[in-house]
Amino acid sequence: MEYERCYIYTPPETDERAPKRRRINKANSQAQLQERIQIYRETWFHQQERIQATLEEADRVTLEKIINFVSASAQTDYAEPVSIPTGLVIAGPSIASHGPFFERLGRKIKDETNSAYFLLNSGDSSNLKTFLKNLIKKAMSRVDADDEDDLGRIGSSSRNGPKLLDFDLGHLQEWHARSRADRIVVAIQDSEAFDANLLVEIIELFYSWLDRLPFVLLFGIATSAESFEDRLTGKAPRYLQGQKFNVTQSDEIIEKLFSATIASTDVSLRIGPNLSRRILERQKDHVQNVQDFSDSLKYAYMSHFYANYPSLFLKQDITFKDLPPDVFEATRNLPSFRRRVEDMLDSGRAQEVRKLLDSDQYLFENIVEHVQSGQEVLSALSTAGMVIVRVRQALQMSAQVPLSSIWIRAASGEMMGSPLLRETMLSIKKAPSDRLAQLLSSLEDLEGIDFPVDLKAYRKDLDELNKDNTTSTPLRSQHDVRNDNLRTTVVAQKVLLSKHKAALSERDKAYSELVGHFHDELDTYFTTAFIDPRALFLSEILMYDLKSPHTEVFQPKPRFAIERALASPHDYLGCDCCGDADGGRDADAALSATQPATAIIYRLYLESGSLINVSDLWSAFNALAGEEEDAESKTMALFQRAIAELKYLGLLKPSKKKIDHAAKVMWKGL
Amino acid sequence: MLPDEILTQLDKQYPCREFQIQQLASLYFSNLPSPPLLIAHGLTATGKTSIIKSLLALSTIPHTIINLQECITGRHLLERTVSSVLDALDEYNDERIDRRPYSRTENLSVLANHLQKILEGHKKFVLVFDGIDKQREAPYTFLPGLARFSELIPALSLILITTLPISLELRKPGTPHLPFPPYSRSSLLTILSQNPPKIFLTQPSEEQYPDYTPDLAAEDDAWLWGRFLGAVYDSLSKHTGRDLVSFRNTSLRLWRDFVAPVVDGTFGTRDFSRLMVNRRHIFQGEEAVLDRIISSQNAENESAQTHSTAIIKKKRDVGMQHDLPYYSKYLLISAYLASYNPSRTDSTYFMKHTDRRKNKRKVNTNAGATKSKHRRIARHLLTPSPFPLDRVLAIFRGLIDGPVPQLADIYTQIATLTSMRLLVRVGGVGGDALEAGARWRVNFGWEWVRGLGRGVGIEVGEYLVGGVDV
């Protein structure tokens, strides 16, 4: 078959059974996959809607400002142009979210103002000519879509006389005369990536056309408006006149997204604390990117439904008949099921345990009930988290703790007894009446479905107390520091400090009682709400908290993988010959002839400085891997191939600094 | 319109340019043949283009003006010339010339050929090339070729507008030049005082000041504006930008600030000297002479604050800037250090297991202190030197406490910073952006990186070889 370049490999068919086979018939891992995909789609659809709504809400103010600016710019009559109206859109360093933002902006501008919008980025504009070509192409394609007649006219003009070159803005002028847009908005998405000279040329050209074409420029800026202005040279800044628009900071958006998706009260599948923490940390440390956030969320949802058989139970109104018996078997293997069975046995309910293990029907009823109650418990947890945020806001507590961190702590079961909760509760005790009123009203705003504290009663009591309050000072509780005073008494040359409560007025006493009551009730509420959700029965179904697929997909370590493979090939080869003789750990240190040649060379490479003498390297290699005297040519071949492989991997580079030397390019562990 | 009327009208429109207008009129309005080629040259904002444009528009000569800045390539220029000449003749004769023979104009000789054919039988046609020195990718033969057009086409008379005289490039002696010298101080004042801006944006109410009529207000405006212009010219524009446009922009930017005490009633409209003393600070700053995209007036309208709080606001604005991710900041700081520190000092600054840092640094500062023969320039004032990628990563790991996993995210960040032009690849364009052999340079300054470092709790100056004395 050597003469063929490629062929289809057909393995020889044998009737014998293969020596080693996997069981493929019995345990079908793809069972009910279609149903699970369906559930995933429904669940994710809701989440995606939320994400979209949050994003649009976050951008709304900025978008409106830009649109107002654009529509205001048209009212100045452009017969006597002074400068091009310019919007500097500071969109932040998350470059990947610029694209969707400018698309939304374009849609809005086209909908709400009578203008044409062209979005251009650096990729399709390497010089002025291509920039203009692209601009005109975008404009013309729009016309073609509108009416077909224009197409022929432009093409045929070459036979009738001079034809406009395809980068002549005359095309745009023609188009503008027909379309009658009030203004032509040209958005440059990534202004940083443009060459500064090109930007200046574009601006100067647009300025000279401004008496014929009503341009409005929008620049997307990732760094700052000042650095953008500094890049423009010559007269270009004079030709521009405009405003700066700040897009919402991405950490704020992420926070909003988090509360809308993960910490929301009505989601069926929750992302566990470890994974959420990891996602948030990645956002803070590495990338600030809204798309990435929603991608990682989506991936988590997919992993849950695709790989977890019992996730079937998250389906709305599920019936026993729909389910195969396998799924019950899978559920019986869950750790939380085992825990529950053990607990039940401890409390002597062996009969029920027997029933759970034997009857699928009974188990099904149990599961449905517990999924339902587990959902409620989790949403109560989210509500409690929101309550804490509201309380802290209303009491104007100094340390701003975002909902995300509160939720993560609550979901990992660390909230009860944490200093944060204690501090919050203490400051409720100390709150004067005006703060308490604010707190009550802010809690009333909360559409908490399940909030057991009767706010209306407190509100009524507070109003009653306040009614006969003639002074403007608010009522103070007995724990308020302003009611304490310190007394010093000198007894036998010793200073005694003693705290005294100032005498409380009748109304203050009544108020203290009210606050105390409120505090106690809230305290019991938090105690019931903040449980450890991972201890819940069926928490594996309700919560997804595996970090390994997430890190592998979103945070791979390519360089580390190569370095590890080269430095300790045993990890990958798993053969008996290399290393591992003296108990595992030292395999790293041992160099042996049985290792692949590239790995040996790599180890020698690591030991050398930035310039490597190739001849020394060869003698070292020969001493290690060379077998007999006469097999030198074979060893040399191995050596050369290893060197070539290192060079191919970009680790080694020929050097001109010293003869017979090669330069080391990459160090390990960076 | 009679030539004399045109002249008076133009003189009124463009004061202090009587000489040039006269010359142009005598060259192109008379029945005598016009010069085949004229070079009008002068610095920016001296009225070259506007005067020629208005003069030709008022005349009855067929003409067309081509702005070379709008021509992207040489071919574009040629095509454009032919079609605009055709357009101009169509309009002038009110008929349509058959354009089919002129569909392609590949080079200069074809242009000459076309023009010859088009202008056959016409008496005079003026073709103006505006900004001939701004032409992109102009071939060497372009100017000499143009200069000799008139030998082939007798009806054509060319006007080339340029910033500097170009007699040498034309390779043709004896071309008439018409200079447009920069305006002198008195001319600038005359021109700008023609349209004084208003002191009061809204006329003071009639009930309160019944005798302050609009006429009186206009008189005050003109008086104060004239004085003010003189002051602006002597204090700022004389040294920064003497041309008409810069001067006008500067004056307009300062005007509202200048008359603010008049508007709020502190001073009368004619208290010029007291106003000067009171508002002297606006003549001291550089804000007014810089061209900014976001005008300071806009910003002030938004905030409506006094001078001192405006500075605070500015500071807050800087803080409002979008925050980079945590590790990106460290990467930028490491890149800055890699650019400005010589690589041999790295081991003394960033090795974790030796503590020779202090001693070594002392040596360095001593070397700077001993006054050597030539003064050393502080490192951070020099251009950054390129560095390989691994050095940044090594410094990055040296700066950060605790281990950082070797994630792909680090590379993503480097790529992002590159597309934001904060890091720039030097040489070796093309290929993989993260190739190990590539060399990099930072594209930001000391001030910025210092702020960045303070944001994450690193005093960058401590790690910079030679130290920084700011």
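Residues numbered from 1 in each chain as written. Chains lettered and ligands numbered in written order. Predicted model: local features only at pLDDT ≥ 70, side-chain atom pairs only at ≥ 80, totals over all residues.

1. Looking at the sheet that holds strand β5 (residues 240–246) of chain A
Residues and elements named next belong to chain A.
Here is step 1 of the chain: As summarised here, the arrangement of the five strands in space is β2-β3-β4-β1-β5, forming an open sheet in which the pairing is parallel. Looking at strand neighbours, the two that pair on one side only are β2 (115–120) and β5, the edges of this open sheet. Across the sheet, the axes of successive neighbouring strands diverge by a mean angle of 20 degrees, strand direction being ignored.
Here is step 2 of the chain: One ladder, built from six bridges, connects β2 with strand β3 (residues 183–188); its direction is parallel. Bridge assignment links L120 to a residue of β3, and that residue is I188.
Here is step 3 of the chain: Relative to β2, helix α2 (residues 98–112) is tilted by about 165 degrees, and along the sheet it contacts β2, β3 and β4 (215–221). (Pairing = 2+ DSSP bridges. Helix = DSSP H or I, 4+ residues; strand = E, 2+ residues; numbered from the N terminus. Axes fitted to C-alpha atoms, helices over the stretch in contact; angles between N-to-C directions. Contact = placed C-beta atoms within 7 Å.)

2. Some details on the domain arrangement of chain B
All names here are of chain B.
Here is step 1 of the chain: Assigned domains within chain B: domain 1 (3–180), domain 2 (185–290) and domain 3 (326–368 + 377–463).
Here is step 2 of the chain: With centres defined by C-alpha atoms, the gap from domain 1 to domain 2 works out at 40 Å.
Here is step 3 of the chain: Listed by partner, the interface residues are five residues for domain 1 and six residues for domain 2. (Domains from an automatic or database assignment.)

3. Here we look at the environment of I191(B)
All names here are of chain B.
Here is step 1 of the chain: Checked against the element boundaries, I191 lands in helix α9 (residues 185–192).
Here is step 2 of the chain: In this structure I191 comes out as partly exposed when scored by C-beta crowding, with 19 C-beta atoms within 10 Å.
Here is step 3 of the chain: In sequence terms I191 and V110 are 81 residues apart; their C-alpha atoms lie 44 Å from each other.
Here is step 4 of the chain: With near-sequence residues (within four places) excluded, I191 lies in contact with P15, C16, Y183 and L244. (Buried ≥ 20, exposed ≤ 12 C-beta atoms within 10 Å, placed from the backbone.)

4. A few points about unusual backbone geometry
All names here are of chain B.
Here is step 1 of the chain: At R171, a position not held by glycine, the phi torsion is positive, near 55 degrees.
Here is step 2 of the chain: With respect to the secondary-structure elements, R171 resides in the loop between α8 (167–170) and β5 (177–180).
Here is step 3 of the chain: Looking at R171, the number of C-beta atoms within 10 Å reads 12, which means it is exposed.
Here is step 4 of the chain: In this structure, R421 is a non-glycine residue whose phi angle is positive, near 60 degrees.
Here is step 5 of the chain: Summarising the element assignment, R421 is placed in the loop between α19 (408–419) and β7 (423–426).
Here is step 6 of the chain: Judged by local crowding, R421 falls into the buried class, with 20 C-beta atoms found within 10 Å.

5. With respect to helix α23 (residues 558–567) of chain A
All names here are of chain A.
Here is step 1 of the chain: Among all positions of α23, only R559, E563 and L566 are buried. For α23, the buried positions fall inside an angular range of 65 degrees around the axis, keeping them on one side. Every exposed residue of α23 that faces more than 90 degrees away from the buried side is listed here: P558 and A561.
Here is step 2 of the chain: Buried residues in α23 make contact with α25 (597–607). (Arc of directions from axis to C-beta.)

6. Considering the UniProt feature "domain: Orc1-like AAA ATPase" (unreviewed entry) in chain B
Here is step 1 of the chain: Here, UniProt's "domain: Orc1-like AAA ATPase" (unreviewed entry) annotation points to residues 15–155 of chain B.
Here is step 2 of the chain: Between the end C-alpha atoms of residues 15–155 of chain B the distance is 32 Å, and the span holds 45% helix and 12% strand. (UniProt positions renumbered as here; feature names shortened; annotations may be inferred.)

7. Quick notes on the interface of chain B and chain A
Here is step 1 of the chain: Every contact between the two is made by 47 residues of chain B and, on the other side, 56 residues of chain A.
Here is step 2 of the chain: Elements represented by at least two residues in the side of chain B that touches chain A include exactly α4 (74–93), α15 (326–340), α18 (389–399) and α19 of chain B.
Here is step 3 of the chain: Among the elements that make up the side of chain B that touches chain A, the one with the highest residue count is α19(B) (six residues).
Here is step 4 of the chain: A breakdown of the residues in the side of chain B that touches chain A according to their chemical character gives 17 nonpolar, 17 polar and 13 charged. (Nonpolar A, V, L, I, M, F, W, Y, C, P; charged D, E, K, R; others polar.)

8. Re the sheet that holds strand β3 (residues 125–130) of chain B
Residue and element names in this part refer to chain B.
Here is step 1 of the chain: Strand order in this open sheet of five strands is β2-β3-β4-β1-β5, and the pairing throughout is parallel. The open sheet terminates on both sides in strands that have one partner only, identified here as β2 (63–67) and β5. Across the sheet, the mean angle from the axis of one strand to that of its neighbour is 15 degrees, orientation sign disregarded.
Here is step 2 of the chain: Of the strand pairs in this sheet, β2 and β3 are connected by five bridges, and their pairing is parallel. Bridging from a neighbouring strand, T64 pairs with L127 of β3.
Here is step 3 of the chain: Contacts from α4 reach β2 and β3 within the one sheet, and its direction differs from that of β2 by about 150 degrees.

9. Things to note about the environment of T202(B)
Residue and element names in this part refer to chain B.
Here is step 1 of the chain: Assignment of secondary structure puts T202 in the loop between α9 and α10 (214–240).
Here is step 2 of the chain: A tally of 7 C-beta atoms within 10 Å means that T202 is categorised as exposed.
Here is step 3 of the chain: Taking the C-alpha atoms as reference points, T202 and V263, separated by 61 residues in sequence, lie 9.7 Å from one another.

10. Quick word on the pairing of strand β8 (residues 439–442) of chain B
Residues and elements named next belong to chain B.
Here is step 1 of the chain: Covered by surrounding structure in β8 are W440 and V442 only, the residues R439 and R441 on the alternate face being uncovered.
Here is step 2 of the chain: Looking at chain direction, strand β6 (residues 387–388) and β8 are connected through two bridges and run antiparallel. Residue pairing in the sheet places P388 in a bridge with R439 of β8.
Here is step 3 of the chain: Looking at chain direction, β7 and β8 are connected through four bridges and run antiparallel. The residue bridging V426 from the neighbouring strand is R439, located in β8.

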